[in-house]
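Notes for the structure review
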Amino acid sequence: MATSDPLLPDSRTEADGSAVLRVLSYNIRSMRDDTDALARVIRACAPDLVLVQEAPRFFRWRKKLARLAAASGLVILSGGATAAGPALLCSLRATVERTEDVLLPLTPGLHRRGFATAVVRFGGARLGVIGCHLSLQDEERHEQGGMLLDRLAAMGVEHAIAGGDLNETPDGPTFKRLAADLQDAWATAPWGGEHTWTRSGPPRRIDAVFATRGIEVLGCGVPLGHPGVTERDLTAATDHLPVLAALRVPAS
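These numbers were taken from a predicted model, which means no experiment stands behind them.

Parameters at a glance
- Residues numbered from 1 in each chain as written.
- Predicted model: local features only at pLDDT ≥ 70, side-chain atom pairs only at ≥ 80, totals over all residues.
- Heavy atoms only, no water.
- 1 Å grid on protein atoms, 1.4 Å probe; cavity = no way out; pocket = protein on both sides within 12 Å on 5 of 7 lines; lining within 4 Å.
- Points joined across faces, edges and corners; volume = space filled by probe spheres on them.
- Nonpolar A, V, L, I, M, F, W, Y, C, P; charged D, E, K, R; others polar.
- Pairing = 2+ DSSP bridges.
- Helix = DSSP H or I, 4+ residues; strand = E, 2+ residues; numbered from the N terminus.
- Contact = heavy atoms within 4.5 Å.
- Axes fitted to C-alpha atoms, helices over the stretch in contact; angles between N-to-C directions.
- Salt bridge = Lys/Arg side-chain N within 4 Å of Asp/Glu carboxyl O.
- Buried < 20%, exposed > 50% of the residue type's maximum accessible area, 1.4 Å probe, protein only.
- Core = buried A, V, L, I, M, F, W, Y, C linked by side-chain atoms within 4.5 Å.

Okay, the layout of surface pockets next. Of the pockets and cavities examined, the largest pocket occupies roughly 390 Å³. Residue lining of the largest pocket: 20 residues in total, with Ser30, Glu54, Ala55, Arg57 and Ala84 positioned closest to the centre. The residue inventory of the lining of the largest pocket, partitioned by class, reads eight nonpolar, six polar and six charged.

Right, here's the structure in full:
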């Protein structure tokens, strides 16, 4: 644990038009586990945005993802099979400006990867969003990290977030590359638990939420002990632990 305050701020719109948002990044393993537990975890975190990795990609994938969104009190924003796995869900609080699913270059013999992207508004705050699941292969992963930064820069927004399963720890070159340009939300304002992969080997932080410099990170981490989030549900839902961040996005 790394917080003096057990609770993250609730979502709200401030008088000046800025928005306090909850953002959840979650590898859901193609919904092959306990989907009721998965929906309970997401719903308890009360996110405005969910950056999903390993969304269903095959037979009736849209229906499966829509069912999860509805059970979590959310709607599909973008992604899924059309982004090779990453997807974005959002609350009805969001006003959607545009979305785009981006397929990354395919390396023969490796999985296709992609980005789920959107530009949304919450109150007076305009926000670019990218969800990702980076390669298991070191060189390809590093190239994809650069593509993510390029895509963020090309979105035409002052404030943006990116996040997902990086398949790398903070001491790795790709993680460091992202953290050099963006705020690593856990490192900026640690809250809750740190490690997102605990199923094999030493516990590791391989999932993260990043934010551009103008965004205030209010807290970020695995929602262990968060009201409504049980260890039983976290274990049953999928093989990764989620990352929950509270961010204040200025009006723009």
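Taking strand neighbours across the sheet as the criterion, the six strands line up as S6-S7-S8-S9-S11-S10 in an open arrangement whose pairing is mixed. Either end of the sheet is taken by a strand with one partner, and the two such strands are strand S6 (95-103) and strand S10 (183-184). Here helix H3 (residues 138-153) sits on the sheet in contact with S6, strand S7 (114-122), strand S8 (125-133) and strand S9 (160-165), set at roughly 30° to S7.

Under the definition given, this model contains 14 salt bridges. With a closest N to O distance of 2.9 Å, Arg29 and Asp33 form a salt bridge. Assessed through its relative accessible area of 24%, Arg29 is described here as partly exposed. Across the pair Arg121 and Glu97 runs a salt bridge whose closest N-O atoms are separated by 3.8 Å. With Arg121 in strand S7 and Glu97 in strand S6, this pair connects stretches of sequence that are 24 residues apart. Residue Arg121 is classed as partly exposed on the basis of its relative accessible area, which comes to 30%.

Burial of nonpolar side chains together is a common tendency in soluble globular proteins. Ranked by internal contacts, the top residues of the largest apolar core, which has 30 residues, are Leu49, Leu127, Val129 and Ile161. With 28 residues, the next largest nonpolar core counts Ala37, Cys45, Leu68 and Leu89 among its residues.

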